[in-house]
Amino acid sequence: MLEIEIDGKKLTVPTGSTVMDAAHSNGTYIPHFCYHKKLSIAANCRMCLVEVEKAPKPLPACATPVTDGMKVHTHSDTAVKAQQGVMEFLLINHPLDCPICDQGGECQLQDLAVGYGGVSSRYQEEKRAVPAKEMGPLVSAAEMSRCIHCTRCVRFTEEIGGYQEIGMAHRGEHSQILPFLNKTVDSEISGNVIDLCPVGALTSKPFRYSARPWELSRRKTVSPHDGLGANMIVQVKHNRVMRALPLENEAINECWLADRDRFSYEALSSDARLTRPMVKQGGQWIETEWQAALEYIVKGLRGVTRDHGADAIGFLATPHSTVEELYLAKKLAGALGVESTDYRTRHADFSRDAAQQGALWLGSSIVELAAANALLVVGSVLRKEQPLLAARLRQSVKKGMALSVISPIQENLLSHVHARLTVSPVAMLDSLKAVLKAVLARKADASSTLDVVSITPCAQAEAIADSLVNNDNAVIALGNLAQHSPHFGDLLTLANELARLTGGRVAVLGEAANSVGAELTFKPSGKGANAGQMFSVPKKAYVLLNTELDCDSHNPHRALKAVEQAEMVVAMSAFRSDAALQYADVMLPIAPFTETSGAFVNMEGLLQAFNGVVKPLGDARPAWKVLRVLGNMLGAPGFEFESAEQVRAEWLAGLGGELKSKLNNGLSSLTLATPSSASGLVRVGEVPMYQADALCRRAPSLQATADARAPRASAHSSVLAAAGVQSGQEVSLKQEGAAIRIAIDADDSLPLGVVRLAAAHPATVALGGMFNSIELAQG
C-alpha cells in the first residue's frame, strides 16, 4: 500500500494505482474525457491535469502512477489553469450546436464547459468540419465535427469488443474517427460506444431526435433476452419506452449492454402488437371482449378434458416468461389435471430428466466463471448466444484463462483459443469421449464407467485434456447448440464425468432470461409429456404462453403440424404472428416485460425482480393476471392473488425458500445412450441472435443489422462438389418431406457431412429438426 495526499486528505491505495484511481477512492472528482475505468489509459484529452508537488508541470491524473508520499492538488490555481487551457483548446473546433445536439442535457463536454470554459472564445478562424460517417443501423455518426478524439470508442471496440471496428485516421486537427474501409460497425455490443462517447458525435440512431433526456423518466428493469439477466434503465415518455441504457452491476453486466438488450424496445411499439382479444369464428378472426374470450377458453378446455381426458391438453411456454407467469400456468394446468407442461420447445433430447439432481444452471456465479483457469465450451456460438458473457470471458483469456471449444461452427471468438475441435453435431460426442480418454491417461489412479476404449484422442483433444487437468479451476460449459442437440443427455453425462475426474464443474449457459426459473417451475411432472412428445404425439388442445412455435421449436415442421390438428389452441402473446393466425383459435394480448411486474432467475441462479415501466398497450393485460382469472373461472382454489409479489412468494415457499439448493447440474447415474447413426448430411441449425425471441424479431433496427440478414445455407466445398453444386447457387434443401429453395455457399471451416442453415427464421421454418438429417439437391 502507498500513501498519497490529495487536496490535503491523506489516504492509502494499492501499489500500481494511478492518481485518478486514488481520487475516485477518496470521492474526489477530477474532470476527464478519455479516461474510463474499463478501458486502457490513453491520456490524450489532458483534461485531468493536476498539480503534483515537486513535478515541474501539471500531470495527467489518469496516467500518473502513485508514489509513496505523493501530494496532489486537483483544484489549485495551477491545476485549474491547466484544465481551463485544455477546455479552451477542446472548444476551438467544437460546433456551437448544443440546442440541436442529441447529447444535450447529458453531455460531459457541456457540463465541464460550464466549470472550466470561458464566456467567449478567442478563436476567430473558421471551425473545421468533419463529414458524417455511416456506421450501420444502430450507431449514428452524422455529426462527427463534435468529436473531441477521446478514442473511447476506438479502445472499446478493440479491447472489449475484440477487434477494432473504429479507428482514428490522420493527425493533428485533421484527425477523424471512422469505421475501417467504409465498413459498418457490426459488433453484437456496438451500442456501448453511444454511452462511452462524452459528446454528441456517436448517438443512438433509433433514438435520434425523438426526445430530450430531461423529458424522460428513468426506471430500472432486467433484460428479457439471454440468461445473463443484464440490469437496465428504461427511459419513458408519455407511456412509451424511448430508450434503454445499462444499469451498472459489476457482478452481472458490468457497465455494458448487448445490442439486443439496448434496441429491442422498438418492438414494444410494433404494428404487430396484439392489443385486443381475438377469437376465430368460421375461419375469420374477430376482436372480442376479455370476458367472452376467457369464457370461450374455459368452455373449450373443459370440453377437451371431458371428451378426451386431461392428458389430451398440453401447456407450452417460453423461458422468456417470468416465474410468476410460469408458476400460474403450471398451477392452472394442475387445476385441469394436466401434467404435460414444458418450456423446452427447442430441445430434442429429454432422456436425462429423471436423472437430473436439480435445475440446470451456470454452476457458479458469473464472476466465478470468469475467474476459471480453464474453460471448455461445448456446442455454442458464444458471441451470438451470450454477447456480454463472451466479452467478459475475452478479458479472462487476456489474464491467462485457457479457453477451448468443441462445436460444429468455427466461430471467431476474437480472443486466443487454447484448442478447438470443429466437428459435426454427432461427432461432438466422440470429441468429448476423446477428451475424457486423454484425461484418464493423465490420471493414472482414475477410472471411468463410460466406454471410451475405442476412441483415439487427437492432438486438439490432448491439448484440451491438458488444460482441464493442469488447472485447479476448470469448467465444462454447454451452450445452446449442445442443449438443442439430440444428444444433449450424453453431452451432459460426459461433461459431468470430466468435471468429476478433473475436480472442475459443469456449467449450462442459460438460453433465455428465465431458463433457470423455467427449469424450476415448468418441466413436466409425473407422467406428463415433454415438449418433444407433445409434438410427436399431438394433443387435442394446446395452451401457448409467449411462445411462437414456428420460430421457437426444434422441429417447426412437426410442431406446426401438431397444433394444426388440435381442436383448440390458445395463444397468449404480446404479438400477432402469421403462423399463430393460422393455427390458433384464441389469441389473448398479454403484456411484455416492460408492461408487467415479475422476476427472472438468471443463469447463476439469481432471482431478479422488476416492475412494469409503462401501462399495458390497448387491452393487453399482464399474463399472471390473465392466468389468475382463468383459474378463478375454472373454480380452482389458490388463485386469489392481488400482486405478482404474492405469486412469487408462494412460488418461493414451494421451493422451500432457498433457490440455490434446487440448482444442480449433476446426474444420479452416468450412462451413455447408443447414439443414433446419422446417414448422409446433418443440419447445423443455430438460432440467429436477432431471431431468438419475439421482441428481437420485431425490432426494426436490429433486423437491419448484418447479423439479421436473410440466412443462406453453407457447407464444405467437398460437400458441394459431391452434390454437383457451385458456391452461390440456389439449391433445394429437404427435411421430413418439406423443402425450401435457398442459396448455398462454400465454407471450408465447417466439418464434413453437415449443412449449416439457421433455424427460427421465416425463410427456414418450413423445414424439420435443427440437427436432423437433411437432403441437398440441385435447385
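These figures come from a predicted structure and were not determined experimentally.

Peer 1: Before we move on, could you go through the UniProt feature "domain: 4Fe-4S Mo/W bis-MGD-type" (unreviewed entry) in the protein and cite the residues and values that matter?
Peer 2: Those residues carrying the UniProt feature "domain: 4Fe-4S Mo/W bis-MGD-type" (unreviewed entry) are residues 216-272 in this numbering. Annotated as residues 216-272, this span is 9% helix and 35% strand, and its ends, taken at the C-alpha atoms, are 25 Å apart.

Peer 1: Describe the nonpolar core, and please don't skip the residues or the numbers.
Peer 2: In terms of nonpolar packing, the biggest core is built from 99 residues, with Phe33, Met47, Leu202 and Leu375 touching the most fellow members. When residues no more than four places from it in sequence are discounted, the contact partners of Leu375 are Leu369, Leu393, Met401, Ala402, Leu403, Ser404, Val475 and Ala477. In this structure, Ile297, Val323, Leu328 and Tyr343 belong to the second largest nonpolar core, which totals 55 residues.

Peer 1: Which residues make up the sheet that holds strand 15 (residues 284-287), and what are the values?
Peer 2: The seven strands are arranged 15-14-25-24-23-16-17 in an open sheet whose pairing can be described as mixed. Only two strands of the sheet have a single neighbouring strand rather than two, namely strand 15 and strand 17 (341-342). Bridging between strand 24 (residues 568-573) and strand 25 (residues 586-589) involves four bridges; their strand directions are parallel. Bridging across to strand 25, Met572 finds its partner in Leu588. Where helix 8 (residues 323-335) meets the sheet, its contacts fall on strand 16 (313-317), strand 17 and strand 23 (541-545), and the angle it forms with strand 16 comes to roughly 175°.

Peer 1: Go over the environment of Leu362, please, and point to the residues and values.
Peer 2: Along the polypeptide, Leu362 turns up in the loop between strand 17 and helix 9 (366-370). With 116 residues separating them along the chain, Leu362 and Leu478 place their C-alpha atoms 9.3 Å apart. Look past the residues within four positions of Leu362 in its chain and what remains in contact with it is Leu369, Val506, Ala507, Val508, Leu509, Met603, Glu604 and Asn665.

Peer 1: Explain the domain arrangement of the protein to me, using residue names and the numbers behind them.
Peer 2: Partitioning the protein into structural domains gives domain 1 (2-204), domain 2 (213-269), domain 3 (278-349 + 517-661), domain 4 (366-508) and domain 5 (682-778). Look at where the C-alpha atoms of domain 1 and domain 4 centre, and you get two points 41 Å apart. On the side of domain 4, nine residues touch domain 1, which itself brings seven residues to the contact. With both chains or domains summed, domain 1 and domain 4 bury close to 680 Å², and 50% of this area falls on carbon and sulfur atoms. If you look at where domain 1 meets domain 4, you find six residue pairs in polar contact (both at pLDDT 80 or more). Here the residues of the side of domain 1 that touches domain 4 are counted per class, giving three nonpolar, two polar and two charged.

Peer 1: Which residues make up the UniProt feature "domain: 4Fe-4S His(Cys)3-ligated-type" (unreviewed entry) in the protein, and what are the values?
Peer 2: Mapped onto this numbering, the UniProt entry gives "domain: 4Fe-4S His(Cys)3-ligated-type" (unreviewed entry) at residues 78-117. The distance from the first to the last C-alpha atom of residues 78-117 is 16 Å, and the span holds 60% helix and 0% strand.

Peer 1: Break down the packing of helix 8 against helix 22 (residues 644-654) for me, with residues and values.
Peer 2: Contact geometry of helix 8 with helix 22 gives a least axis separation of 9 Å together with a crossing angle of 70°. Judged by the inter-axis angle, helix 8 sits roughly perpendicular to helix 22. Remark: the crossing between helix 8 and helix 22 carries left-handed chirality. Touching Val323, Glu324, Tyr327, Leu328 and Lys331 of helix 8 are Ala644, Val647, Arg648, Glu650 and Trp651, all from helix 22. The residue inventory of the contact of helix 8 with helix 22, partitioned by class, reads six nonpolar, no polar and four charged.

Reading the values: rules and limits
Residues numbered from 1 in each chain as written. Predicted model: local features only at pLDDT ≥ 70, side-chain atom pairs only at ≥ 80, totals over all residues. Heavy atoms only, no water. UniProt positions renumbered as here; feature names shortened; annotations may be inferred. Helix = DSSP H or I, 4+ residues; strand = E, 2+ residues; numbered from the N terminus. Core = buried A, V, L, I, M, F, W, Y, C linked by side-chain atoms within 4.5 Å. Buried < 20%, exposed > 50% of the residue type's maximum accessible area, 1.4 Å probe, protein only. Contact = heavy atoms within 4.5 Å. Pairing = 2+ DSSP bridges. Axes fitted to C-alpha atoms, helices over the stretch in contact; angles between N-to-C directions. Domains from an automatic or database assignment. Buried area = accessible area lost by both parts, 1.4 Å probe. Polar contact = N/O pair within 3.5 Å; in protein donor to acceptor, adjacent residues only side chain to side chain. Nonpolar A, V, L, I, M, F, W, Y, C, P; charged D, E, K, R; others polar. Parallel < 35°, antiparallel > 145°, perpendicular 65-115°, else oblique. Left-handed = near helix turned anticlockwise from the far one by under 90°.

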